[in-house]
Amino acid sequence: MTSEIELAVAEPIPKWHEFMHAVLRVLSDGRTRTRRELIAEVLDDANITEAQRAVLLASGQSSAVNRIGWAMSDLTRATAVAKPERGRFVITDVGMQLLAANPHQITKSILRDIPAYNDYEPQRQTTAATTMLVPQTIEDSELDPTEQIESGIELLRADVAADLLKRLQERHPDFFEEAVVKLLLAMGYGGAENRGRRIGGTGDGGVDGVIDQDALGLDQIYIQAKRYAPESTVGREAIQSFVGALAGRGATRGVFITTSRFSPQALDYARAIPTRIILIDGKHLTDLMIRHSVGVQVAKTYTVVEVDEDFFE
């Protein structure tokens, strides 16, 4: 059955600036609307389907709603839409003129003909003189500013993840075993005392690390950490061997971590057996390391601000 996300891909959400015309159309009756009312009517006016409305940003917000929000913001900057009171919107004479002069669509290029809009464009010092910065947003870009930020962050995370995986594959197996133990401790396993240790080496019995969930070590999680080349696949046999090692220790829970991926047979086997085995592949591993700040550090922090409406009450 086709999923909602697949349907949304087949029916692309309008680009954020393409919602500007719909915002003015809805407001053209002269009524003042709340933000919620305006967004709901714009969604209907633009014929946004349920599947398109279900598409979410990484932050959890509806992509369509976010794009409408940016369209409303730009129209407000251009004085085409006014906010007579907090959270309420109404069209202005400028907005009515824009709608009449542009019956089909409104772009940022059109808004730049409005002096009030240009007052908000960022400026940058050049070596020669202070000049207006030509906006870098491509007019037909599908991404609004929030989505551009999130997309950039995802690209940076992907680059860091690839570098992490490469470094883990290049280091000694002992280093990798220590790293995965540190990761599980950073995730909160092992309690406040960080009761976890690497036990890999000769005679390890097929287990590379152990996490003690209680002070006496009565509740333990065993770890298998295997470095594999990116093109390699961990098969069912390796998982069966790990399960056998757990049985030899009287354990019922384990985590198998690899730098590569698991075969479908390995995944099916782990799901079918009564022993609780968690499989973590290379992609999941680096995601967890980044999320819990293991092997990475913060290089730069950016702050996104918005107007505090309560300040102006």
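Our structure is the block above this text.
Reading guide: rules and limits
- Residues numbered from 1 in each chain as written.
- Predicted model: local features only at pLDDT ≥ 70, side-chain atom pairs only at ≥ 80, totals over all residues.
- Heavy atoms only, no water.
- Axes fitted to C-alpha atoms, helices over the stretch in contact; angles between N-to-C directions.
- Helix = DSSP H or I, 4+ residues; strand = E, 2+ residues; numbered from the N terminus.
- Parallel < 35°, antiparallel > 145°, perpendicular 65-115°, else oblique.
- Left-handed = near helix turned anticlockwise from the far one by under 90°.
- Contact = heavy atoms within 4.5 Å.
- Nonpolar A, V, L, I, M, F, W, Y, C, P; charged D, E, K, R; others polar.
- 1 Å grid on protein atoms, 1.4 Å probe; cavity = no way out; pocket = protein on both sides within 12 Å on 5 of 7 lines; lining within 4 Å.
- Points joined across faces, edges and corners; volume = space filled by probe spheres on them.
- Core = buried A, V, L, I, M, F, W, Y, C linked by side-chain atoms within 4.5 Å.
- Buried < 20%, exposed > 50% of the residue type's maximum accessible area, 1.4 Å probe, protein only.
- Polar contact = N/O pair within 3.5 Å; in protein donor to acceptor, adjacent residues only side chain to side chain.
- Pairing = 2+ DSSP bridges.

A. Broad picture of the packing of helix H2 (residues 19–27) against helix H3 (residues 35–45). At a minimum axis distance of 9 Å, the contact between H2 and H3 shows a crossing angle of 115 degrees. Taken together, the axis directions place H2 and H3 in an arrangement best described as roughly perpendicular. Two packed elements cross with a definite hand, and for H2 against H3 that hand is right-handed. Each of Phe19, Ala22, Val23, Arg25, Val26 and Leu27 in H2 lies in contact with H3, whose residues at this interface are Leu38, Glu41, Val42 and Asp45. Residues that form the contact of H2 with H3 fall into these classes: seven nonpolar, no polar and three charged.

B. Just the layout of surface pockets, in detail. Empty space within the second largest pocket amounts to approximately 1,000 Å³. Around the second largest pocket sit 30 residues that line it, and Val160, Val296, Gln297, Val298 and Ala299 are the ones nearest its centre. Listing elements by their share of the lining of the second largest pocket, those giving two or more residues are helix H9 (145–170), helix H10 (173–186) and helix H13 (282–291). In terms of residue count, the dominant contributor to the lining of the second largest pocket is H9 (eleven residues). Per-class residue counts for the lining of the second largest pocket are 16 nonpolar, five polar and nine charged.

C. Spatial organisation of the nonpolar core. If you look at the biggest cluster of nonpolar residues, it comprises 29 residues, and the most contacted ones within it are Val23, Leu24, Leu38, Val42, Ile68, Leu75 and Leu111. Listing elements by their share of this core, those giving two or more residues are H2, H3, helix H5 (63–77), strand E3 (88–91) and helix H6 (93–101). Looking at which element gives the most residues to this core, the answer is H2, with seven residues. Not counting the four nearest positions on each side in its chain, Ile68 is found in contact with Phe19, Val23, Ile39, Val42 and Leu43. If you look at the next biggest cluster of nonpolar residues, it comprises 22 residues, including Leu184, Ile211, Ile257 and Ile290.

D. Inspection of the side chain of Thr92 at higher detail. Turning to its location among the elements, Thr92 is positioned in the loop between E3 and H6. By relative accessible area, which is 19% here, Thr92 ends up buried. At a separation of 3.3 Å, a polar atom in the side chain of Thr92 contacts the main-chain amide nitrogen of Val94. For Thr92, the contacting residues outside a window of four places in its chain are Thr79, Ala80, Val81 and Ala82.

E. Structural context of the sheet that holds strand E1 (residues 33–34). Across the sheet, which stays open at both edges, the three strands sit in the order E1-E3-E2 with antiparallel pairing between neighbours. Each end of this open sheet is capped by a strand with a single partner; those strands are E1 and strand E2 (81–82). Taken together, the two bridges between E2 and E3 define a ladder with antiparallel strand orientation. Residue Ala82 lies in a different strand from E3, and its bridge partner there is Val90. Of the strands in this sheet, E1, E2 and E3 touch H2, which is tilted by about 85 degrees from E3.

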